[in-house]
Amino acid sequence: MEIFRIGYMVISVLALVLALGFPSSINAESSPAPAPAPSSDGVAIDQGIAYVLMVVALVLTYIIH
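Reading the values: rules and limits
Residues numbered from 1 in each chain as written. Predicted model: local features only at pLDDT ≥ 70, side-chain atom pairs only at ≥ 80, totals over all residues. Heavy atoms only, no water. Helix = DSSP H or I, 4+ residues; strand = E, 2+ residues; numbered from the N terminus. Buried < 20%, exposed > 50% of the residue type's maximum accessible area, 1.4 Å probe, protein only. Areas by Shrake-Rupley, 256 points an atom, 1.4 Å probe, with all protein chains shown as cover. Patch = residues over 30% accessible without salt bridge, like charges linked within 9 Å, V, L, I, M, F, W, Y side chains within 5 Å. Salt bridge = Lys/Arg side-chain N within 4 Å of Asp/Glu carboxyl O.

Chemist: I keep staring at the overall build of the chain and nothing clicks. Help me out?
Modeler: Along the backbone of the chain there are 2 helices and 0 strands. Here the chain, with 65 residues, has 0% of them falling under the buried criterion. Carbon and sulfur atoms make up 76% of the accessible area of the chain, which totals about 6,400 Å².

Chemist: Hey, could you run me through a nonpolar patch on the surface in this one?
Modeler: On the surface, Val 52, Val 56, Leu 60 and Ile 64 cluster together to form a nonpolar patch covering roughly 390 Å² of accessible area. Its location among the elements puts Val 52 in helix H2 (residues 42-64). Val 52 sits in the exposed class, given a relative accessible area of 51%.

Shown next as structure tokens:
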């Protein structure tokens, strides 16, 4: 039984070393280009204004009734 316990320990240590070392070597070879900065378009602004107006209309309808 002791041989199996030592074997499992060796395999787990080897797997840990490979898991920690292998991905970093892959990422070191080629790094992706950074993402472009997000740009705001008029559609997003118009949609935000529409949501605010809908909430205002909902609140006014609730107050009036």
